[in-house]
Amino acid sequence: MKVSYKKRDDGKQFGNLSFPLTIPGNKTVVGMELRGFPNREGKSSFKGMAAGSNSAEGLWIAYPGHDELPPMDKVTGVAWFESAYDAMAFYQINERSFLGRPDLAENALFVSTGGTPTDGQMCNMLKATPGAHHFLCFDNDKAGREFCAHFHRFAESIGIPAENVKDFPLLPYYKDWNDALQQKTNYTGDEVIPLEPKEQEPEV
């Protein structure tokens, strides 16, 4: 995570938290996921991708506790999120239970799609981590459930075993993991419906 600044023609300068995007297996930065600093009410004023970002393939990829990513073919688990904020919130909530799982062990990655997951993002990561278990931690709303369903179908289409892709649902009444961390239960978007149980559901 870094801080980037943009200066407008009128002289005003704006800063954003910036999360570098890369393509699995390649260290070249292909863009930035951006998040504005919280305002006085604690809300972020901006979220999106930096201009020119390869949002079709680029992912923010984090390896908790390490400065360098492990070799992709050694990765044992990948947790998928719609934003880097959600990934960091999830880590704070589930650090012990998630990283202590035997199917994740030492080499677990957290990735953010920066919004709607694309086929390019999924394809590159799934092919780069053939032996990994993938945990879908998308938002607990209609769009998030659709992302999970599409991910399962896509993974199956390229030969990933069904048991290697698991949904990791939020508790009811939280829209996303950042809300869960802050215990914001007043979600007023489309109805939050718990995901249907899957085989070998991971414990929170």
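Report follows, based on the coordinates. Every residue gets a number counted from 1 within its own chain, in the order that chain's sequence is written. Only residues with pLDDT of at least 70 are given local features in this predicted model, and only at 80 or more are side-chain atom pairs given and counted; all residues enter the totals for whole chains, interfaces and linings. To obtain the side-chain values, all non-hydrogen atoms of the structure were included, while hydrogens and water were left out.

## So, the sheet that holds strand β9 (residues 165–167)
Within a sheet, neighbouring strands are paired by backbone hydrogen bonds and run either parallel or antiparallel to one another.
Link 1 in the chain: For two strands to be treated as a pair, DSSP must find no fewer than two bridges joining them. Working definition: helices are DSSP H or I runs of at least four residues, strands are E runs of at least two. Numbering for both runs from the N terminus. An order of β5-β7-β6-β8-β9 is seen for the five strands of this open sheet, with the pairing classed as mixed. Each edge of the open sheet is held by one strand with a lone partner, namely β5 (60–62) and β9. Ignoring strand direction, the axes of neighbouring strands in this sheet form an average angle of 20 degrees.
Link 2 in the chain: With three bridges connecting them, β5 and strand β7 (residues 108–112) associate as antiparallel partners. The partner of I61 across the bridge, within β7, is V111.
Link 3 in the chain: Contacts are assigned to residue pairs with any non-hydrogen atoms lying within 4.5 Å of each other. For helices, the axis comes from a line fit to the C-alpha atoms of the stretch in contact; other axes are also lines fit to C-alpha atoms, and the angle between any two N-to-C directions lies between 0 and 180 degrees. Helix-sheet contacts for helix α2 (residues 119–128) involve β5, β6 (77–81), β7 and β8 (133–136), and the interaxial angle to β6 is about 170 degrees.
Link 4 in the chain: Sheet strands touched by helix α3 (residues 142–157): β6, β8 and β9. Its angle to β9, the strand with the most contacts, is close to 170 degrees.

## Considering the layout of surface pockets
Link 1 in the chain: Computed over the protein atoms alone on a 1 Å grid, cavities are sets of points where a 1.4 Å probe fits but cannot get out and pockets are open sets with protein on both sides within 12 Å along at least five of seven lines; a residue lines them when it has an atom within 4 Å of a point. Grid points are joined across faces, edges and corners, and a volume is the space filled by probe spheres set on the points. Roughly 760 Å³ of internal volume is contained in the largest pocket.
Link 2 in the chain: Lining the largest pocket are 29 residues, with I61, A62, Y63, D67 and L69 sitting closest to its centre.
Link 3 in the chain: Secondary-structure elements contributing two or more residues to the lining of the largest pocket are β2 (13–22), β3 (29–36), β5 and α1 (84–99).
Link 4 in the chain: Each residue gets one label: Ala, Val, Leu, Ile, Met, Phe, Trp, Tyr, Cys and Pro are nonpolar, Asp, Glu, Lys and Arg are charged, and the others, such as Gly, are polar. Among the residues making up the lining of the largest pocket, the classes are represented as 20 nonpolar, five polar and four charged.

## As for the side chain of E33
Link 1 in the chain: Along the chain, E33 turns up in strand β3.
Link 2 in the chain: Three exposure classes are used, based on accessible area relative to the maximum for each residue type with a 1.4 Å probe and protein chains only: buried under 20%, partly exposed in between, and exposed over 50%. For E33, a relative accessible area of 7% translates into the label buried.
Link 3 in the chain: Any pair of N or O atoms that falls within 3.5 Å is considered a polar contact. Within protein, one atom must be able to donate a hydrogen and the other to accept it, and sequence-neighbouring residues count only if both atoms are side-chain atoms. Separated by 3.0 Å, the side chain of E33 and the backbone nitrogen of A84 make a polar contact.
Link 4 in the chain: At 2.7 Å, the side chain of E33 forms a polar contact with the side chain of S112.
Link 5 in the chain: Not counting residues within four places of it along the chain, the set of residues in contact with E33 comprises L17, S18, F19, L21, G48, M49, W60, S83, A84, S112 and G114.

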